[in-house]
Amino acid sequence: MLTLAEAHGGGNAVVETGALLGMAAVGLGMVLTPGPNMIYLVSRTVTQGRRAGIVSLTGVALGFLIYLVATNLGLSVLFVAVPELYAVVRLAGAGYLAWLAWNALRPGGISVFAPQEVAPDPPRRLFAMGLTTSLLNPKIAIMYLSVIPQFIDIDAGRTMAQGFVLGAVQVIVSVTVNLAIVLAAGTIAVFLARRPAWLRTQRYVMGAVLGGLAVTLAADTRTAAPVG
């Protein structure tokens, strides 16, 4: 069996290949689904350039790491102990997604790929906004609290190490895909700007996806599972 890390003296994988591939697939599916991080990164890149998008992405990545560390150190335990708090976070996230969906679908709404006249932000603000957007992204919170535990092998022990390894897979996948999106955003914006009908279609599709995610998140009655 392919291993990512070996136990001290035992020769057993911390996380098996199947779990790693499963986590990578989930991470890929989530990062390709339009959400707050993608919207912010694309809009900032289109309005201020690739460098601004990359700086913003570093803030987003730090947000991933903060959630990962917090979850493995007991945030999930808090949500399990106080289900009402988890429900509040879930509903707040659903509300945020619904707001983004409305902005995309409302009459006169603007696509994230449409160039806009905005004042350029300095690197420090770009980083801070990327971090804030990441921390307010309900998809990341829900994934770390509910999805990662499904790939952890309780019988294998070292559940915290497994949680960190699985989370690292998601971070690597998400940062890689988001970087590709940032690098391509300008080209996509130019392509869509020459095709107004496609730009409108992109806005409606993204709004519909965000709205669907909001409804799914609001209707999800699952409770958080402890990482360990």
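You'll find the structure just up there.
In this convention, every chain numbers its residues from 1, walking through the sequence in written order. Owing to the predicted nature of the model, reporting of local features is limited to residues with pLDDT of at least 70; listing and counting of side-chain atom pairs is limited to 80 or more, with chain, interface and lining totals taken over all residues. As a rule here, side-chain values cover all heavy atoms of the structure and leave hydrogens and water aside.

**So, the packing of helix H2 (residues 36-48) against helix H5 (residues 123-135)**
Relative to each other, H2 and H5 sit at 160 degrees, their axes nearing to 9 Å. The orientation of H2 with respect to H5, classified from their angle, is roughly antiparallel. Every pair of crossing elements has a handedness; the one defined by H2 and H5 is right-handed. Residue-level contacts link Pro36, Asn37, Tyr40, Arg44 and Gln48 of H2 to Leu126, Met129, Gly130, Thr133 and Ser134 of H5. Of the residues in the contact of H2 with H5, the class split is four nonpolar, five polar and one charged. Axis definition: a line fitted to C-alpha atoms, over the contacting stretch in the case of helices. Angles run 0 to 180 degrees between N-to-C directions. Under the scheme used here, helices are H or I runs from DSSP no shorter than 4 residues and strands are E runs no shorter than 2 residues, and both carry numbers assigned from the N terminus. Every angle not falling under 35 degrees, over 145, or within 65 to 115 is termed oblique; those three ranges are roughly parallel, roughly antiparallel and roughly perpendicular. If you view the pair so one helix is near and one far, a crossing is left-handed when the near helix is turned anticlockwise from the far one by less than a right angle, and right-handed when it is turned clockwise. Residue contacts are defined here by distance: any two heavy atoms, one from each residue, within 4.5 Å place the two residues in contact. Lys, Arg, Asp and Glu make up the charged group, whereas Ala, Val, Leu, Ile, Met, Phe, Trp, Tyr, Cys and Pro make up the nonpolar group; the residues left over, Gly among them, are polar.

**Re a nonpolar patch on the surface**
Together, Leu62, Leu65, Ile66 and Phe127 give the surface a local cluster of nonpolar side chains, amounting to about 300 Å² of exposed area. Considering every element that reaches the nonpolar patch, the biggest residue donor is helix H3 (residues 50-81), with three residues. Positionally, Phe127 belongs in helix H5. Accessibility expressed as a relative area gives 30% for Phe127, which makes it partly exposed. Only residues whose relative accessible area exceeds 30% and that take part in no salt bridge are eligible for patches, with like-charged residues grouped when within 9 Å of each other and nonpolar side chains (Val, Leu, Ile, Met, Phe, Trp, Tyr) grouped when within 5 Å. A 1.4 Å probe and the Shrake-Rupley method give the accessible areas. Residues count as covered only by the protein chains that appear here. Criterion for a salt bridge: a side-chain nitrogen of Lys or Arg within 4 Å of a carboxyl oxygen of Asp or Glu. Burial classes: relative accessible area under 20% of the type maximum marks a residue as buried, over 50% as exposed, and values in between as partly exposed (1.4 Å probe, protein chains only).

**Topic: the environment of Ala128**
Tracing the sequence through the fold places Ala128 in helix H5. In this structure the C-alpha to C-alpha distance between Ala128 and Ser56, which are 72 residues apart in sequence, comes to 7.6 Å.

**Observations concerning the nonpolar core**
Counting residues in hydrophobic clusters, the biggest one holds 41 residues, and the most contacted among them are Val15, Met23, Tyr144, Leu166 and Leu210. Only helix H1 (17-31), H2, H3, helix H4 (83-105), helix H6 (138-147), helix H7 (159-193) and helix H8 (196-219) provide two or more residues apiece to this core. Among the elements that make up this core, the one with the highest residue count is H7 (nine residues). Apart from the residues lying within four places of it in its own chain, the contact partners of Leu166 are Val15, Ala19, Leu20, Met23, Ile148, Phe151 and Ile152. Residues enter a nonpolar core if they are buried and are Ala, Val, Leu, Ile, Met, Phe, Trp, Tyr or Cys, with the set joined through side-chain atoms within 4.5 Å.

**Re H2**
A helix is expected to span 1.5 Å multiplied by its residue count minus one. With 13 residues, H2 extends 18 Å from end C-alpha to end C-alpha; this agrees with the ideal 18 Å at 1.5 Å per step. Burial within H2 is extensive, with 11 of its 13 residues counted as buried. Among the residues making up H2, those that are buried are Pro36, Asn37, Met38, Ile39, Tyr40, Leu41, Val42, Ser43, Arg44, Thr45 and Val46.

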